[in-house]
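The chain contents come next:
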Amino acid sequence: MNRAVPRKIVAGFGLGIAILVANALIDYRSFVTLTEATDAVQDGLRAKDLLKEIRSAVSSSEAGQRNYILTADPNYLEKSLKILESTKHPMSELLERVVDADEIDKTKQLQSLIDARTAQFEGALNDVQAGRKAAALHAMTTSESKRILNSTDDLFERFAELQAGLFEHRTEDLQKSSRRALTTFYVATFCGLILLGLVYYLVYRDIEERRRAEDRLRIVATHDPLTALPNRTLLHEQLSHALANAQRYDRKMAVLLIDLDRFKNVNDTLGHEAGDIVLQTAAQRISDCLRDTDTMARQGGDEFVVLMDDLADLAPVAGVSQRILNAITGPMIVEGQEFHLTASIGISVYPQDGRTLLKNADIALYRAKEKGKNNYQFYSAQFDNYSVERLLLEAGLRRALDRDEFTLHYQPKVDIASGQITGMEALIRWQHPDLGWIPPARFIPLAEESGLILPIGAWVLKTACVQNRAWQKQGLRRMRIAVNLSPRQFVVASLPQDIGAALKDSGLEATDLELEITESMAMNNPEQTVGMLRQLKGMGAHVSIDDFGTGYSSLAYIKRLPVDSVKVDRSFVGDLPRDRDSMAITKAVINMAHSLRLKVVAEGVETEAQLRFLRDEGCDEMQGHFFSEARTSVEIPALMRKSLRIGGPIFLAERRRRAS
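Since we're looking at a predicted model, the values are computed, not measured.

1. Brief notes about the overall build of the chain
A count of helices and strands for the chain gives 25 helices and 16 strands. Put simply, the chain has 660 residues, and 44% of those count as buried. A sequence separation of at least 24 residues applies to 70% of the contacts in the chain between residues at least 6 apart. A total accessible area of about 34000 Å² is found for the chain, and carbon and sulfur atoms account for 53% of it.

Here it is in structure tokens:
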């Protein structure tokens, strides 16, 4: 583009603005002048009307002979007095409207004469009421009374002449202002036309570029910049149009709401740039699974929407949904790392599910996630109850910390060889004010999804440290308190500083704290996990791998991690010693962990047979209801002070207590 064009445009607009400003100032001044002149004329007309009203009132108060009153009738005197008093308001308004000095002076003179006339009436009325009629007639026929009447009439004549002259002058001013305003309008119009022509000439060559810019803005306003898919705004337009067509032509349609499972972990571990690549890849894979007539949009974040309209039946919906799930689960390589994602899909259809398709698909999506993710679910009206309950839980969860509704219970860890309690695992419980006790399995996933797990996890860490230190001050022997870290907590860069602050505030030694992470968390990004665990170990804390055996790793990965122990998942322990596979896996875990100098903790031990098997295989510690369920903090000291031996009286006493 020619560099001179922008300069001309700037110059043209500068000139145009100058002209507009000048015209605006002229128009404003003309408008003010015209307004002032108009107001003056209106005030003159109103003053004239007021003067007539006052003169009429004064004349109405006269009786008898021409220029004075000759009567002793008290009713007439009272009536005339009221008429004179009625001139107070017009006189007050007249004084507000006159601006000329002569007008003001004559208005004040007129007020004085009317006041004097009123005083005469009041005096005469008092004489009549007192029986002095002669005195009353004398008061109304004196030379002073006649002078007041003559002066009033003369003043009315001179006031009228003065107003006539002023009104003529004000009318001339109004005519001049009108002509000036009309001239200004003509000038402004002429200058505006010149400006319009100048600007049109300067921007004519730039019209095509402007059109292209508008097209780009339109695309930006209706499409997602990352995936180039229609955005939420355009989606709602397309959905409304599709619903109208489906209703008009008696066709079916479906809405698929697709959410990438655990996508937050991608951003947290690989960064947002890698997350953008994953979103673009997922969008392309979903698009490849659709029919030519289907519409796809990005709802926001990691959610996509597919609109399948003009359907004769719903058979294609399930097929498309399954193809999308299969496509998403294929391996993705980002920044040289291969990983797998899954997706969950919620589906609602028209006309079965009504017109609130997005809302119903969202409810079905949460149902799909509740069923373990990586599946699709059709909406059902019974899901509404689930949605209401979920909203109630989430709303309550946001206020639970402030309302002090969380408590910690503590489950002992017992050394299998000695029977001594070696530590406690802190387990959170929620007492909802309306729903009662809510198990962690119901609210922890919701807390993870909403991000509330971060403040909740911080509260658990702080409370557990404070409680362990309190037990020590009570004289109990030192032991480790175990705290579970959530996936979101573990990827927060400030986790070591947060743990250090909790230890410092509570006065607890780092060696008396054990941090548990799940196997899937450890294997999600091994390099990052190693770095984080080294920082935690450097502080002196113990680290344990929880739920071991349920993920996709092996002890070949565990040997790279700076951990102290592994916990055999309760799903294996629960089948001991009946299931051969569980026995083989448990033996392998114990042997391999010991070869790596790691302790092995079995969780979920509930029977004597399970305990005997674990003891025979050399398992180090156990945890479960066979010894004790999770207890409140006030119950722990009594339990700690007992001498515990496997098979001894304390175990038997605990078992009898639970049986009763």
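That shown, we press on.
2. As for the nonpolar core
Core analysis: the biggest nonpolar cluster contains 76 residues, and Leu397, Met424, Leu513, Ile545, Leu561 and Val566 have the highest contact counts within it. The leading source of residues in this core is helix α15 (residues 453-473), at seven residues. Setting aside residues no more than four positions away along its own chain, Leu513 makes contact with Leu461, Cys465, Ile481, Val483, Ile499, Leu503, Ala541 and His542. If you look at the next biggest cluster of nonpolar residues, it comprises 34 residues, including Ile258, Leu270, Leu290 and Met332.

3. Observations concerning the packing of aromatic side chains
Counted by the stated rule, this structure contains six aromatic pairs. Summarising the aromatic geometry, the rings of Phe406 and Phe443 are spaced 5.9 Å apart at their centres and angled 35 degrees between planes, so their arrangement reads as tilted. One end of the pair, Phe406, is in strand β8 (residues 406-415); the other, Phe443, is in helix α14 (residues 440-450), with 37 residues separating them in the sequence. One exposure class covers both Phe406 and Phe443, and it is buried. Ring geometry for Trp430 and Phe443: centres 5.5 Å apart, planes at 80 degrees, overall edge-to-face. Taken together, the residues Trp430 in strand β9 (residues 421-432) and Phe443 in helix α14 connect sequence positions 13 residues apart. The class of Phe443 is buried, set by a relative accessible area of 0%. Chaining the aromatic ring pairs together yields one cluster made of Phe406, Trp430, Phe443 and Trp459.

4. Topic: the pattern of salt bridges
Inspection of the entire model under this criterion finds 14 salt bridges. For Lys413, the salt bridge goes to Glu514, with nearest N and O atoms at 3.3 Å. A residue pair is termed long-range when its members are at least 10 positions apart, and Lys413 in strand β8 and Glu514 in strand β12 (residues 513-518) qualify at 101 residues. For the pair shown, Lys413 and Glu514 are each scored as buried. With its nearest N and O atoms 2.8 Å apart, the salt bridge here joins Asp512 to Arg478. One end of the pair, Asp512, is in the loop between α17 (495-506) and β12; the other, Arg478, is in the loop between α15 and β11 (480-484), and 34 residues separate them in sequence. Overall, Asp512 belongs to the buried group, its relative accessible area being 5%. Salt bridges sharing partners connect three or more residues here, namely Lys413, Glu425, Glu514, Glu516, Lys567 and Glu603.

5. Re the sheet that holds strand β7 (residues 376-378)
Taken together, the five strands give an open sheet; going across it, the order is β2-β3-β1-β6-β7, and neighbouring strands pair in mixed fashion. Every other strand in the sheet has two partners, leaving β2 (295-300) and β7 as the edge strands with one partner each. With direction set aside, neighbouring strand axes in the sheet form an average angle of 20 degrees. Pairing analysis gives eight bridges linking strand β1 (residues 252-260) to strand β6 (residues 343-350), with the strands arranged antiparallel. Its bridge partner lying in β6, Met253 is registered against Tyr350.

6. Description of the pairing of strand β3 (residues 303-311)
Burial analysis of β3 places seven of its nine residues in the buried class, which makes it a mostly covered element. Bridge count for β1 against β3 is seven bridges, and the pairing is antiparallel. Within β3, the residue paired with Leu256 across the bridge is Val306. In the sheet, β2 pairs with β3 via five bridges, with the strands oriented antiparallel. Note on β3: the bridge partner recorded for Thr295 is Leu307.

7. Digging into the side chain of Gln377
With respect to the helices, strands and loops of the structure, Gln377 is situated in strand β7. A polar contact of 3.1 Å, which involves the side chain of Gln377, links it to the side chain of Asn375.

8. Points about a nonpolar patch on the surface
On the surface, Ile17, Val21 and Leu25 cluster together into a nonpolar patch covering about 290 Å² of accessible area. Residue class for Leu25 comes out exposed when judged on its relative accessible area of 56%.

9. What to know about the pairing of β12
With five of six residues buried, β12 lies mostly within the body of the structure. For β11 and β12, the ladder comprises four bridges, and the chain directions are parallel. When the bridges of β12 are listed, Asn484 appears paired with Glu516. Where β12 and strand β13 (residues 542-548) come together, five bridges link them in parallel fashion. Note on β13: the bridge partner recorded for Thr518 is Asp546.

10. Points about helix α22 (residues 580-595)
Here α22 contains 16 residues, and its C-alpha end-to-end distance of 22 Å stays within 8% of the 22 Å for a straight helix at 1.5 Å per residue. Among all positions of α22, only Ser582, Thr586, Val589, Ile590 and Ala593 are buried. For α22, the buried positions fall inside an angular range of 95 degrees around the axis, keeping them on one side. Counted as exposed and oriented over 90 degrees from the buried face of α22: Arg580, Asp581 and Ser595.

Scoring rules and cut-offs
- Residues numbered from 1 in each chain as written.
- Predicted model: local features only at pLDDT ≥ 70, side-chain atom pairs only at ≥ 80, totals over all residues.
- Heavy atoms only, no water.
- Helix = DSSP H or I, 4+ residues; strand = E, 2+ residues; numbered from the N terminus.
- Buried < 20%, exposed > 50% of the residue type's maximum accessible area, 1.4 Å probe, protein only.
- Contact = heavy atoms within 4.5 Å.
- Areas by Shrake-Rupley, 256 points an atom, 1.4 Å probe, with all protein chains shown as cover.
- Core = buried A, V, L, I, M, F, W, Y, C linked by side-chain atoms within 4.5 Å.
- Phe/Tyr/Trp six-rings, centres within 6.5 Å; stacked < 30°, edge-to-face > 60°.
- Salt bridge = Lys/Arg side-chain N within 4 Å of Asp/Glu carboxyl O.
- Pairing = 2+ DSSP bridges.
- Axes fitted to C-alpha atoms, helices over the stretch in contact; angles between N-to-C directions.
- Polar contact = N/O pair within 3.5 Å; in protein donor to acceptor, adjacent residues only side chain to side chain.
- Patch = residues over 30% accessible without salt bridge, like charges linked within 9 Å, V, L, I, M, F, W, Y side chains within 5 Å.
- Expected span 1.5 Å × (residues − 1).
- Arc of directions from axis to C-beta.

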